[in-house]
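In case you want the letters, here they are:
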Amino acid sequence: MAHLRTYYAEAKPFEQYIQDMEQNQNEVLNIYKDFEMPTEDPRIEKIKDSGYKYVLVITEDWCGDAMMNNPILKHIAEQANLEVRAFYRDDNTDLIDQYLTNGKSRAIPIYIFMNEKFEQKAVWGPRAINVQKFVEEVRKDTLPDKQDPSFEEKQKEVHLKIRERYLTDASFWHDVYESIITRLV
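Residues numbered from 1 in each chain as written. Predicted model: local features only at pLDDT ≥ 70, side-chain atom pairs only at ≥ 80, totals over all residues. Heavy atoms only, no water.

A. Summary view of the pairing of strand 4 (residues 110-114). Counted residue by residue, strand 4 has five buried out of five residues, so it is predominantly covered. Covered by surrounding structure in strand 4 are Ile110, Ile112 and Met114 together with Tyr111 and Phe113, the residues of both alternating faces. Across five bridges, the pairing between strand 2 (residues 54-59) and strand 4 is antiparallel. When the sheet's bridge partners are listed, Val55 is paired in strand 4 with Phe113. Sheet topology note: the strand 4/strand 5 (residues 120-124) ladder contains four bridges and is antiparallel. Residue pairing in the sheet places Tyr111 in a bridge with Trp124 of strand 5. (Buried < 20%, exposed > 50% of the residue type's maximum accessible area, 1.4 Å probe, protein only. Helix = DSSP H or I, 4+ residues; strand = E, 2+ residues; numbered from the N terminus. Pairing = 2+ DSSP bridges.)

Structure (structure tokens):
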């Protein structure tokens, strides 16, 4: 199993990852532009003083959760002077398999916060609690059993509903911000 330093070295600088996006680039840039980063949050200084240096992001361009969360992380990283790189989940599943959600799901994004020695200090992802509750409610209210002939069509509806909320609901963006910051302090 490779060391986090190796994965980080193989990962793409975050700005380059965003520039190379083919599916959700405009959406990421719009959320980044529209998110109002809290000003003078004293927790940012605590993060700076806590020894965090690097963030390894396990992500994919097509992922709706990454589309919403990554711009918020970008703001936090800029304020806290963190160096961020993006590792494509599907390029090497050995990494994501160390960070399975609920022990079974390769859900993304996953943020691995490290110190200057590339030692893991904190992990966050893939969703803030309120966002997770929303996703679970939408799925419960909309999706039939997987055997149902309409399952695929309903699943597309669910994804569109979630995506639309991710793109427009600034309260979700603030939930993500609070969730990440709280995890780090």
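B. Representation of the sheet that holds strand 5. Spatially, 1-3-2-4-5 is the arrangement adopted by the five strands of the open sheet, whose pairing is mixed. Edge positions in the sheet fall to strand 1 (12-13) and strand 5, since each has one partner strand and no second. Relative to the sheet, helix 5 (residues 64-80) contacts strand 2, strand 3 (83-88), strand 4 and strand 5, its axis offset from that of strand 2 by approximately 170°. Sheet contacts for helix 9 (residues 170-184): strand 4 and strand 5; angle to strand 5, the most-contacted strand, approximately 155°. (Contact = heavy atoms within 4.5 Å. Axes fitted to C-alpha atoms, helices over the stretch in contact; angles between N-to-C directions.)

C. Structural detail: the packing of aromatic side chains. Taken as a whole and assessed by the stated rule, the structure comprises eleven aromatic pairs. Between Tyr54 and Phe118 the ring centres are 4.2 Å apart and the planes differ by 10°, which places this aromatic pair in the stacked class. With a gap of 64 residues between them, Tyr54 in strand 2 and Phe118 in the loop between strand 4 and strand 5 connect regions that are remote in the sequence. The residues Tyr54 and Phe118 share a single accessibility class, namely buried. Aromatic ring contacts, followed pair by pair, group Tyr8, Tyr54 and Phe118 into a single cluster. The side chain of Lys74 reaches across the aromatic face of Tyr32, ending 4.6 Å from its centre. Note that Arg165 overlies the ring of Phe134, its terminal NZ or CZ placed 4.6 Å from the centroid. (Phe/Tyr/Trp six-rings, centres within 6.5 Å; stacked < 30°, edge-to-face > 60°. Lys NZ or Arg CZ within 6 Å of the ring centre and 35° of its normal.)

What is shown is where atoms sit, not what they do.
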